[in-house]
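Below are the chains, spelled out letter by letter.
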Amino acid sequence: MILVTGGAGYIGSHAVLELLLAGNEVLVLDNLCNSSKIALDRVEALTGRKAQFVKGDVRNRSLLNALFASYPVTAVLHFAGLKAVGESVREPLRYYETNVSGSIALCQAMAEAGIFKLVFSSSATVYGDSPKMPITENCPTGLPTNPYGQSKLMAENVLKGLAESDPRWSIALLRYFNPIGAHESGLIGEDPNGTPNNLLPYMLQVAVGRRKQLSIYGADYPTPDGTGVRDYIHVVDLAKGHLKALERLNLVHGVSTWNLGTGRGYSVRQMVTAFEEVIGRRLPHVFKARRPGDIAQCWSDPTKAREELGWQAEKDLLTMLTDAWRWQSRNPQGYAVEQTATGKAEANPETALAS
Ligand code: NAD
Ligand code: UFG
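Residues numbered from 1 in each chain as written. Chains lettered and ligands numbered in written order. Predicted model: local features only at pLDDT ≥ 70, side-chain atom pairs only at ≥ 80, totals over all residues. Heavy atoms only, no water.

Some remarks on the site of ligand 1
Phase 1 of the analysis: The immediate surroundings of ligand 1 are formed by 27 residues, with Ile 11, Asp 30, Asn 34, Ser 35 and Lys 83 found nearest.
Phase 2 of the analysis: Gly 9 is positioned with one of its backbone polar atoms (N or O) 3.2 Å from an oxygen atom of ligand 1.
Phase 3 of the analysis: Here ligand 1 loses 95% of its free accessible area of 820 Å² to cover by the protein chains.
Phase 4 of the analysis: Every element with two or more residues in the shell around ligand 1 is listed here: helix H1 (10–21), strand S5 (117–123) and helix H6 (147–165).
Phase 5 of the analysis: With three residues, the single largest contributor to the shell around ligand 1 is S5.
Phase 6 of the analysis: In terms of residue class, the shell around ligand 1 is made up of 11 nonpolar, 11 polar and five charged. (Near = heavy atom within 4 Å. Polar contact = N/O pair within 3.5 Å; in protein donor to acceptor, adjacent residues only side chain to side chain. Areas by Shrake-Rupley, 256 points an atom, 1.4 Å probe, with all protein chains shown as cover. Helix = DSSP H or I, 4+ residues; strand = E, 2+ residues; numbered from the N terminus. Nonpolar A, V, L, I, M, F, W, Y, C, P; charged D, E, K, R; others polar.)

Looking at the site of ligand 2
Phase 1 of the analysis: Around ligand 2, the structure places 20 residues, and the nearest of them are Ser 123, Ser 215, Arg 230, Arg 291 and Asp 294.
Phase 2 of the analysis: At 3.3 Å from an oxygen atom of ligand 2 is found a side-chain nitrogen or oxygen belonging to Ser 123.
Phase 3 of the analysis: A distance of 3.0 Å separates an oxygen atom of ligand 2 from a polar side-chain atom of Asn 178.
Phase 4 of the analysis: No other element matches strand S8 (residues 214–217), which puts four residues into the shell around ligand 2.
Phase 5 of the analysis: In terms of residue class, the shell around ligand 2 is built from 10 nonpolar, seven polar and three charged.

Observations concerning the side chain of Arg 175
Phase 1 of the analysis: With respect to the helices and strands, the residue Arg 175 is situated in strand S6 (residues 170–176).
Phase 2 of the analysis: Separated by 2.7 Å, the side chains of Arg 175 and Glu 156 make a polar contact.

Describing the sheet that holds strand S3 (residues 52–55)
Phase 1 of the analysis: Across the sheet, seven strands lie side by side as S3-S2-S1-S4-S5-S6-S11; this open sheet has parallel pairing. Since the sheet does not close on itself, it has two edges, and those belong to S3 and strand S11 (254–260), each with one partner. The average undirected angle you get between the axes of adjacent strands in this sheet is 20 degrees.
Phase 2 of the analysis: Note that S5 and S6 share seven bridges and pair parallel. Paired with Ser 121 across the bridge in S6 is Leu 174.
Phase 3 of the analysis: Running at roughly 150 degrees to S5, H6 makes contact with S5, S6 and S11 of the sheet. (Pairing = 2+ DSSP bridges. Axes fitted to C-alpha atoms, helices over the stretch in contact; angles between N-to-C directions. Contact = heavy atoms within 4.5 Å.)

Let's talk about the packing of H1 against helix H2 (residues 38–47)
Helix packing geometry: the angle between the two helix axes and the distance between the axes.
Phase 1 of the analysis: Where H1 contacts H2, the two axes come as close as 10 Å, and the packing angle between them is 30 degrees. Accordingly, the angle class assigned to the pair H1 and H2 is roughly parallel. H2 is crossed by H1, and the crossing has right-handed handedness. Where H1 abuts H2, its residues Ser 13, Val 16, Leu 17, Leu 20 and Leu 21 lie against Ala 39, Leu 40, Val 43, Leu 46 and Thr 47.
Phase 2 of the analysis: Class assignment of the residues belonging to the contact of H1 with H2 gives a composition of eight nonpolar, two polar and no charged. (Parallel < 35°, antiparallel > 145°, perpendicular 65-115°, else oblique. Left-handed = near helix turned anticlockwise from the far one by under 90°.)

Observations concerning H2
Phase 1 of the analysis: When H2 is considered as a whole, its buried residues turn out to be Ile 38, Ala 39, Leu 40, Arg 42, Val 43 and Thr 47.
Phase 2 of the analysis: Once H2 finishes, Gly 48 follows within two positions and takes phi at roughly 70 degrees, a positive value. (Buried < 20%, exposed > 50% of the residue type's maximum accessible area, 1.4 Å probe, protein only.)

Some remarks on the side chain of Ser 36
Phase 1 of the analysis: Summarising the element assignment, Ser 36 is placed in the loop between strand S2 (26–30) and H2.
Phase 2 of the analysis: A relative accessible area of 15% means that Ser 36 is categorised as buried.
Phase 3 of the analysis: Engagement of the side chain of Ser 36 in a polar contact is seen with the backbone nitrogen of Ile 38, the distance being 3.0 Å.
Phase 4 of the analysis: When sequence neighbours within four positions are dropped, the list of residues in contact with Ser 36 reads Ala 8 and Tyr 335.

So, H1
Phase 1 of the analysis: Counted at 1.5 Å a residue, the expected span for H1 with its 12 residues is 16 Å, and the 17 Å between its end C-alpha atoms agrees.
Phase 2 of the analysis: H1 sits mainly inside the fold: 11 of its 12 residues count as buried.
Phase 3 of the analysis: Turning to H1, its buried residues are Tyr 10, Ile 11, Gly 12, Ser 13, His 14, Ala 15, Val 16, Leu 17, Glu 18, Leu 19 and Leu 20.
Phase 4 of the analysis: Where H1 terminates, the next one or two residues include Gly 23, which has phi positive at roughly 95 degrees. (Expected span 1.5 Å × (residues − 1).)

Structure follows, in structure tokens:
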């Protein structure tokens, strides 16, 4: 059985789906602070298989001990964490506590239970403003400019030290580039709380009429068209990378680091133009000053993951944007729950299931 912390979230729910499809038994631990249980109900509808679900906090050592005593867990995918950069600047302690202390509590409980296989959700943010493109795993980690990025780098360092201290550990640090898109069914996808920070969720909410216009932050970067360039990767490709990493951990010990990206960068202008083609109309947008802390460009060299994991991203930009739009247009309010006439809370299944 695989424990998936944060398994109700955006990337976690897609990973749970892939794990179930591959025949794994899955246990999800999530406190639902940034997600909905409905995502897991929909994963069950899509796979015909159910993940066990426990609502709880990854920092709760006694809960973790109880889970490991009750379920035959052999490995952990650790997605649970906080990820909003701006919020991390306002509430740094909450970020360090969840992302660093949460990872420490999890590893302590795993070691006590004799479980030593861990896949950790890291981020390309650990490379900081890399002077070298594309970014390989041995590019130096930079100085992340915000507590979120620092918390990911700190957690990576904690895990490296842990693996050096005890050869029983097999740990994968997966450095994600920019995950976007949604499962092709349109039933699960990204549903950010409040105003989205990230480009694609913002564009989607403009397109469904929840926001007036997109702000493009900076048209004066040293990039071909002046806007920021990123390596966008389909969330389903990303989820599949986790299964490959798990397989690999059966063969290797210590810490292994893999970039999960496509190896190709797109600018904000290119993203807007491609998305306008998908929705068949103009996307209202204005140009604004650069967003503090942003870098000009960031894209991966995914060779190491291809060679060592036998994994590579397969879905192109058009598929990412089409799948994201299918999810958002069928779920304009995400997983928002509506009160029915009977008073029973239900998700909006009619919109979600409509073809
Ligand atoms: P998400 O917010 O959708 O998922 C995180 C999940 O963790 C949520 O379901 C949330 O409820 C849960 N959670 C948070 N704190 C918890 C706690 N203390 N105990 C139990 N559950 C808790 O985010 P996501 O985009 O799916 O990201 C998953 C992981 O990947 C995070 O660790 C994130 O930092 C990392 N990551 C995300 C991106 C991205 O752009 N989405 C990029 C790089 C890395
Ligand atoms: N952008 C806009 N307008 C917006 C939002 C973003 O123009 O409303 C631009 C940004 O300036 C940047 C690009 O779109 O040039 C991508 O921005 P995102 O916020 O979508 O993504 P980032 O690369 O800034 O950061 C994301 C996550 C980080 C993670 C990083 C690398 O937010 O947590 O990817 O994985 F670390």
